[in-house]
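# Residue-level structure breakdown
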Amino acid sequence: MRPQKDGDAVIGPFIEKTSLEAVLSEMGRLAIQACKHLIAFFPSDWQQGVAPRLGFAEATREWLATFYPEAPGA
């Protein structure tokens with residue numbers, strides 16, 4: 001990562017708003033993708049899993065609406 005344009009790559013730690021937002025956004029995107037695959041391993045009729053599934057779906061919708069507001073259905 002380069003905290004300054006044309007600067008040297010720095011491992012960190014550094015807090016630069018744009019880079020921090022980009023990293024957190026990417027982590028959220030990857031978490032959604034990973035969880036979508038993990039959900040497939042749990043039975044859909046498992047009663048203890050219904051509330052977490054609904055919560056995850058809502059959190060996914062909120063995240064997508066925040067980071068991709070122009071997307072259809074967001």
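To keep things clear, this report deals only with the structure shown in the data block. (Residues numbered from 1 in each chain as written. Predicted model: local features only at pLDDT ≥ 70, side-chain atom pairs only at ≥ 80, totals over all residues. Heavy atoms only, no water.)

## Overview of the packing of aromatic side chains
Inspection of the entire model under this criterion finds one aromatic pair. Aromatic pair Phe 42 and Trp 46: ring centres 5.7 Å apart, planes at 10°, arrangement stacked. Look at Phe 42 and you get partly exposed, because its relative accessible area is 43%. According to the relative accessible area criterion, Trp 46 is partly exposed, its value standing at 38%. (Phe/Tyr/Trp six-rings, centres within 6.5 Å; stacked < 30°, edge-to-face > 60°. Buried < 20%, exposed > 50% of the residue type's maximum accessible area, 1.4 Å probe, protein only.)

## Re the pattern of salt bridges
With the rule as written, the count across this model stands at two salt bridges. A salt bridge links Arg 29 to Glu 26; the shortest N-O distance between them is 2.5 Å. Separated by three residues within a single helix, Arg 29 and Glu 26 lie in helix 1 (residues 17–39), roughly one turn from each other. Owing to a relative accessible area of 35%, Glu 26 belongs among the partly exposed residues under this scheme. With its nearest N and O atoms 2.9 Å apart, the salt bridge here joins Arg 61 to Glu 58. Separated by three residues within a single helix, Arg 61 and Glu 58 lie in helix 2 (residues 50–67), roughly one turn from each other. The exposure class assigned to Arg 61 is partly exposed, which follows from its relative accessible area of 48%. Classification of Glu 58 by relative accessible area gives partly exposed; the value is 34%. (Salt bridge = Lys/Arg side-chain N within 4 Å of Asp/Glu carboxyl O. Helix = DSSP H or I, 4+ residues; strand = E, 2+ residues; numbered from the N terminus.)

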